Amino acid sequence: MTVDSSITSALEKLPETPEETVLPTAMETITQTQTSAESVTPLQVHLKAESGNLLLILPPQTELKEGPAVWSDLWLQLKQRLSAGEKFWEPNTLVHLIAENWLLDGRQLQEIAEALAESKLVLKLVQTNRRQTAVAAAAAGYSVEQESAIAYINQYQLTSTKPGQPFLEPLYLETTLRSGVEIRHPGTVIVLGDVNPGSSIIADGDIIVWGRLRGFVHAGARGKRECLIMALQMEPTQLRIADFVARAPENPPAQFSPEVAYVTDEGIRIAKGLGFQRPDLS
Amino acid sequence: MARIIVVTSGKGGVGKTTSTANIGMALASRGNKIVVLDADFGLRNLDLLLGLENRIVYTALDVMSGECTLEDALVKDKRQPNLALLPAAQNRTKDAVNTDQMKQLVTDLAQQYDYVLIDCPAGIEMGFKNAIIAAKEAVIVTTPEISAVRDADRVIGLLEAHSIKKIHLIVNRIRPAMVQANNMMSVQDVQEILAIPILGIVPDDERVIVSTNKGEPLVLAGSNSLAAIAYNNIARRLEGEKVPFLTLETPPEGLWERMSRFFRKK
Ligand SMILES: Nc1ncnc2c1ncn2[C@@H]1O[C@H](COP(=O)(O)OP(=O)(O)O)[C@@H](O)[C@H]1O
Ligand SMILES: [Mg+2]
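Everything numeric in this text was worked out from a predicted model, so none of it was measured.

Colleague: Looking at this structure, I do not really get the overall build of chain B. What am I missing?
Modeller: Assigned secondary structure in chain B consists of 12 helices and eight strands. For 266 residues, the compact-globule estimate of 2.2 N^0.38 gives 18 Å, and chain B sits close to it at 18 Å. Here the C-alpha coordinates of chain B stretch approximately 65 × 40 × 30 Å along the principal axes. When burial is assessed residue by residue, chain B has 50% of its 266 residues classed as buried. Partitioning the contacts of chain B with sequence separation of at least 6, the portion at a separation of at least 24 is 76%.

Printed below as a string of structure tokens:
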């Protein structure tokens, strides 16, 4: 079934009974010609280990609705990222804050330092391209590098990956993604925990959920149809892979087993995880 | 130092204020010194539930602005001398308060009491932030409805981000017959999503509404209704006692019941 309208209206046109003969499980699928350019992957707070230090790279402050526009959004994202990745660094690792164009005052820097301290990390250096942030950081006793952060962004390909560009390293989150949380990552996302209804993951690569998948997930968000979505318990609000959309059937199966969602010429299909082989897409 | 517990939910009308009043009373009757703080500025009603409305002279706002002392504003309950209420202002907006003032106020209260219970407003805006800023623990109240559970989940995420890690769940207004008939989420369903330890299950009971209107919390009236027992049990569990859940509180169902439920659906 091909629909070229928006997703919402496409959903309304879903057949009452899915073509169960074709589908390994009763996932309803829609093929649709949504342009992948629509699903820009904006940036989120990013943590990256580098030569013994941890880089805390803030996304540039933008007006984009997908990105953190205000300090409280940024702070929340930072706290959630830190608690979901705690086991990836040694206690007392030094942190370099790449503050991009954020205008941070002493109190906000202190709140970042406190959030880091709670995860046993130590804020050491602040890199910024805003003079006021540099002044506040110096006053608070941090080392300051005042230069354009653009260099860093380019260096680590933090900008949205275009088709053909390599992904960022996988994002590993050990947490429950609760309602309201949105993860965007220009690469593969791995969640050790449940993805609850009301949360979403938008990844340029694969999405792997070691837990219950009940939220909204979009793999291959920049258009890569080979991307997969895997979950121990596949009950998503909605699945998307590249420009394909599917949603779970009304009646969940009596028992769940690990499953993989993948794209075929007919749309998204679900297969048992055990013995799954990635099909060749022509 | 007091235990500072915020009672919150995200969604309105699920029983935060009712729970605050009853848990406060139950804890007080067990010999604890309790202050309940109405943080629902602009829409206060904890005083109504406690039947203390006509004794209010000053409010929390007056304390924060320095117009009176904390002692002046605290309303002592004559029926239960262990319980005091710090009322919210009725006629001002939520924006009249900031987090620093709120922190100070709660810190001051914590000096004098065993428990500070904070009745949180609905939503996740400024009023919510003020209510949770000084809290060390949280009690999440939800009803077994998808929308309430969704909001509760969101709020738990926010509490965790604010480093409030001790979070317990009350499922309010359970109707066992409806759960049995598969027309209502079970406690198990709720817990599967929220994944936090359960503090209590309160049945839907019209006596709760009657007591609300009388300004006399069920627990205070010495009611032997299941809701009153449930609230007493919640207070005991808060104090660390292991109290078994009432049978009417529908214990988490076993795998077999779950399976048969699924089959019945078809
Ligand atoms: N267990 C219950 N059984 C019946 N009614 C209830 C119960 N809990 C709360 N209510 C009713 O629900 C309404 C909302 O409760 P309230 O405590 O004011 O919610 P909130 O503070 O979350 O907005 C009130 O009318 C109250 O009497
Ligand atoms: Mg209320």
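Back to the text.
Colleague: Can you help me understand the overall build of chain A in this one?
Modeller: Regarding its fold elements, chain A presents five helices and 18 strands. A burial count over chain A gives 41% of its 282 residues as buried. Residue pairs in contact within chain A that sit at least 24 positions apart in sequence constitute 45% of those at least 6 positions apart.

Colleague: Could you clarify how one ought to interpret the sheet that holds strand β6 (residues 121–128) of chain A in this entry?
Modeller: Backbone hydrogen bonds are what pair the strands of a sheet, in a parallel or an antiparallel way. Residues and elements named next belong to chain A. Within the open sheet, the five strands sit side by side as β3-β4-β5-β6-β7. Their pairing is mixed. With partners counted over all chains shown, the strands left at the sheet margins are β3 (46–50) and β7 (143–146), one partner each. Neighbour-to-neighbour, the strand axes of the sheet open up by a mean angle of 25°, direction not taken into account. Relative to β6, strand β5 (residues 93–98) runs parallel, the two being bridged by six bridges.

Colleague: I'm lost on the sheet that holds strand β8 (residues 168–174) of chain A in this one. Help?
Modeller: Residue and element names in this part refer to chain A. Here we have six strands laid out as an open sheet, ordered β8-β10-β12-β14-β17-β18, and mixed in their pairing. The two strands at the open ends of the sheet, each matched to only one other strand, are β8 and β18 (267–272). The mean inter-strand angle of the sheet, taken between neighbouring strand axes irrespective of direction, is 25°. Alignment of strand β10 (residues 187–192) against strand β12 (residues 207–213), held across four bridges, turns out to be parallel.

Colleague: Would you mind going over the pairing of strand β15 (residues 238–241) of chain A with me for this structure?
Modeller: One face of the sheet, then the other: side chains in a regular strand alternate in exactly this way. All names here are of chain A. Alignment of strand β13 (residues 216–219) against β15, held across four bridges, turns out to be parallel. Along β15, the bridge assignment pairs F216 with Q238. Alignment of β15 against strand β16 (residues 244–247), held across three bridges, turns out to be antiparallel. Its bridge partner lying in β16, R240 is registered against V245. Here β15 hands over to β16 after two residues, with A242 in that stretch at a positive phi of 50°.

Colleague: What exactly am I supposed to notice about the packing of helix α2 (residues 71–84) of chain A against helix α3 (residues 106–118) of chain A here?
Modeller: Any two packed helices are characterised by how steeply their axes cross, that is the angle between the axes, and by the distance between the axes. Residue and element names in this part refer to chain A. At a minimum axis distance of 10 Å, the contact between α2 and α3 shows a crossing angle of 15°. Put simply, α2 runs roughly parallel to α3. Every pair of crossing elements has a handedness; the one defined by α2 and α3 is right-handed. Along the contact surface, α2 presents W71, W75, L78, K79 and L82, while α3 presents Q108, E111, I112 and A115. Split by residue class, the contact of α2 with α3 holds six nonpolar, one polar and two charged.

Colleague: Would you mind showing me how to read the domain arrangement of chain A here?
Modeller: A common measure of how large an interface is: the accessible area buried when the components associate. Residue and element names in this part refer to chain A. The domains assigned to chain A are domain 1 (2–37 + 161–272) and domain 2 (46–155). Between domain 1 and domain 2, the residue contacts involve six residues of the former and six residues of the latter. For the side of domain 1 that touches domain 2, the element with the highest residue contribution is β8, accounting for three residues. Considered class by class, the residues forming the side of domain 1 that touches domain 2 number three nonpolar, one polar and two charged.

Colleague: Even after reading the chapter, I still don't get the nonpolar core, so can you show me in this structure?
Modeller: Soluble globular proteins: nonpolar side chains tend toward being buried together. The biggest cluster of nonpolar side chains holds 87 residues, and the ones touching the most others in it are I5, L37, V116, L117, I118 and Y231 of chain B. Looking at this core, the element that brings in the most residues is helix α11 (residues 226–238) of chain B, giving nine residues. Leave out the neighbours within four places in its chain, and Y231 of chain B touches N22, I23, A26, V202, L218 and V219 of chain B. V189, A221, Y262 and I268 of chain A belong to the second-largest nonpolar core, a separate cluster that totals 36 residues.

Colleague: In this structure, what is going on with the site of ligand 1? I would like to understand it.
Modeller: Near ligand 1 you find 18 residues, and of these G15, K16, T17, T18 and V208 of chain B are the closest. Listed by contribution, the elements that provide at least two residues to the shell around ligand 1 are α1 (16–29), β7 (166–174) and α10 (206–214) of chain B.

Colleague: Would you take a moment to explain the interface of chain B and chain A for this structure?
Modeller: Every contact between the two is made by 15 residues of chain B and, on the other side, 16 residues of chain A. Contributions of two or more residues to the side of chain B that touches chain A are made by α7 (146–161) and α12 (255–265) of chain B. The dominant element in the side of chain B that touches chain A, judged by the number of residues it contributes, is α7 of chain B, at seven residues. A class-by-class count of the residues in the side of chain B that touches chain A yields seven nonpolar, two polar and six charged.

Colleague: For this particular structure, what's the right way to read helix α5 (residues 99–112) of chain B?
Modeller: Residue and element names in this part refer to chain B. Look at α5: 21 Å from first C-alpha to last across 14 residues, which is about the 20 Å you get at 1.5 Å a residue. Taken together, the buried positions of α5 are M102, L105, V106 and L109. End-on view of α5: buried residues confined to an arc of 95°, all on one side of the axis. Structural note: α5 exposes D100 and Q111 on the side pointing more than 90 degrees away from its buried face. Of the surrounding elements, those touching the buried residues of α5 are β1 (3–8), β2 (34–38), α3 (60–64), β4 (83–86), β5 (115–119) and α6 (126–132).

Colleague: When you look at the packing of α1 of chain B against α11 of chain B in this model, what are you seeing that I'm missing?
Modeller: All names here are of chain B. Where α1 meets α11, the axes come as close as 8 Å, and the angle between the chain directions of the two elements is 65°. Here the hand of the crossing between α1 and α11 comes out right-handed. Only Y231, N232, I234, A235 and L238 of α11 make contact with α1, whose side of the interface consists of N22, I23, A26 and L27. For the contact of α1 with α11, the class distribution of residues is seven nonpolar, two polar and no charged.

Colleague: In this structure, what is going on with unusual backbone geometry? I would like to understand it.
Modeller: One can expect most non-glycine residues to show negative phi and most peptide bonds to be in trans. Look at A242 of chain A: it is not a glycine, yet its phi comes out positive at around 50°. Turning to its location among the elements, A242 of chain A is positioned in the loop between β15 and β16. For A242 of chain A, a count of 21 C-beta atoms within 10 Å translates into the label buried. One non-glycine residue, S163 of chain B, lies in positive phi territory at about 65°. Among the secondary structure elements, S163 of chain B is positioned in the loop between α7 and β7. Residue S163 of chain B is classed as exposed on the basis of its 12 C-beta neighbours within 10 Å.

The rules behind these values
- Residues numbered from 1 in each chain as written.
- Chains lettered and ligands numbered in written order.
- Predicted model: local features only at pLDDT ≥ 70, side-chain atom pairs only at ≥ 80, totals over all residues.
- Helix = DSSP H or I, 4+ residues; strand = E, 2+ residues; numbered from the N terminus.
- Rg over C-alpha atoms; globule rule 2.2 N^0.38 Å.
- Buried ≥ 20, exposed ≤ 12 C-beta atoms within 10 Å, placed from the backbone.
- Contact = placed C-beta atoms within 7 Å.
- Pairing = 2+ DSSP bridges.
- Axes fitted to C-alpha atoms, helices over the stretch in contact; angles between N-to-C directions.
- Parallel < 35°, antiparallel > 145°, perpendicular 65-115°, else oblique.
- Left-handed = near helix turned anticlockwise from the far one by under 90°.
- Nonpolar A, V, L, I, M, F, W, Y, C, P; charged D, E, K, R; others polar.
- Domains from an automatic or database assignment.
- Core = buried A, V, L, I, M, F, W, Y, C linked by C-beta atoms within 7 Å.
- Near = placed C-beta within 6 Å.
- Expected span 1.5 Å × (residues − 1).
- Arc of directions from axis to C-beta.

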